[in-house]
Each structure stands twice: as structure tokens, then as C-alpha cells.
Amino acid sequence: MRLTSFTDYSLRTLLYLSAHRDRLVTIQDIADMHAISKNHLMKVVYQLGQSGLVETVRGRNGGLRLAKEPKDINIGALVRATETDFFMAECFDRETDTCPLTPNCALKHTLNDATKAFLAVLDKQTLQDMLPQAPSNAAKPVRIVRGTAG
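Counting from 1, residues in each chain are numbered in the order their sequence is written. Local features in this predicted model are restricted to residues of pLDDT 70 or higher, and side-chain atom pairs are both shown and tallied only at a pLDDT of 80 or more, whereas totals for entire chains, interfaces and linings draw on every residue. By convention in this description, side-chain values take in all heavy atoms of the structure and omit both hydrogens and water.

Undergrad: Is there a simple way to think about the overall build of the protein in this case?
TA: Helix and strand counts for the protein come out as 6 helices and 2 strands. Each helix (α) and strand (β) of the protein, taken in turn from the N terminus, gives the series α-α-α-β-β-α-α-α. Each residue is assigned to one of three classes by its accessible area relative to the maximum for its type, calculated with a 1.4 Å probe on protein chains only: buried under 20%, partly exposed between the two thresholds, exposed over 50%. Looking at the protein residue by residue over its 150 residues, the buried ones come to 29%. Expressed as a percentage of contacts within the protein between residues at least 6 apart in sequence, the contacts between residues at least 24 apart total 62%. In this description, accessible areas are obtained by the Shrake-Rupley approach with a 1.4 Å probe, and a residue is regarded as covered only by the protein chains that are shown. Just so you have it, the protein exposes about 10,700 Å², and 53% of that area is on carbon and sulfur atoms. Numbering of helices and strands runs from the N terminus; a helix is a DSSP stretch of H or I covering at least four residues, while a strand is a stretch of E covering at least two. Contacts are residue-level and defined by heavy atoms, with any inter-residue pair within 4.5 Å sufficient.

Undergrad: Before we go on, may I ask you to explain the pairing of strand E2 (residues 63-66) in this structure?
TA: It is a general feature of regular strands that their side chains alternate between the two faces of the sheet. Strands were regarded as paired on the criterion that DSSP finds at least two bridges between them. When strand E1 (residues 54-57) meets E2, the two strands line up antiparallel, connected through 4 bridges. Across the sheet, the residue bridging to Glu 55 is Arg 65, located in E2. Turn length for the E1-E2 hairpin, with the two strands adjacent in sequence and antiparallel, is 5 residues, and the turn residue Gly 59 shows positive phi of about 110°.

Written out as C-alpha cells, the structure reads:
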């Protein structure tokens, strides 16, 4: 399965905003960072704004910021909201299905189970989980005390 560029850009936008919570970010900042089309990114940001995930500040010093805490943004919900469908094969769409095997094929059920499992994993993740974490084994400062010998 492959996510659409719209979902990819949505995730990249939210990750960028999460990493720069100390300031307003422009669409151009995100487009430059990821070398993606500013025009396409504007559509992504518009939908993220409509869904309540991104807040836009207008004006000369305007920009974007997260409207929710990263821990409150579920990755599974985001992917469901930004993907148009989860059709893994032709037979998933009844309107365009012309496969003669569909009535007796077990592959569709297997692929459907795989899609459910994929989404179940994403449902367990938040944007906070996707942010880089400080290494847990980071060296701690050591205090050296000189003792007296003898």
C-alpha cells in the first residue's frame, strides 16, 4: 500500500509544525524544507485547517501553527481523513470491478484484513510518537571528586 502525496504532505506539515512550536511557520518554509509544491501544500494546509489540526494566522507576520497538542493528533484518524480510499485491488471498488475471480476469491479478504491491521497500527500512534526523541541512554554528567590519598 502506498499513501497519496496528499497524506504524505499532511504528515510532513504536522511534523514540521510540531518541531517548530516556538514560532509561526509559513507554507513556504515547509515547501522549501521538503522541496514540494507550495500550491499543492496550500491545499493540504487548507484541509488541515478545516479539520481543526492547524491554525492559520493572517497578516504580515502571519503563519501556521498546530491547533492541537501533538499527543492529541491521532495518525490513524489523519490517514483516514486524507486518503480517498483504501482499495488495495480492483475488486475493492464494486463500481469498477471487472475481475472474474471476485465471487470466489479469498485474496480480497486477506487484503482487507491487511488494511485493517495497517490502520490498527496507525490508530495506536499520535503525532507526539512520531517526533524525534532524545536518546534514553544519553550520557549523564559525571562529577569527579578528588579525594585525599592515604
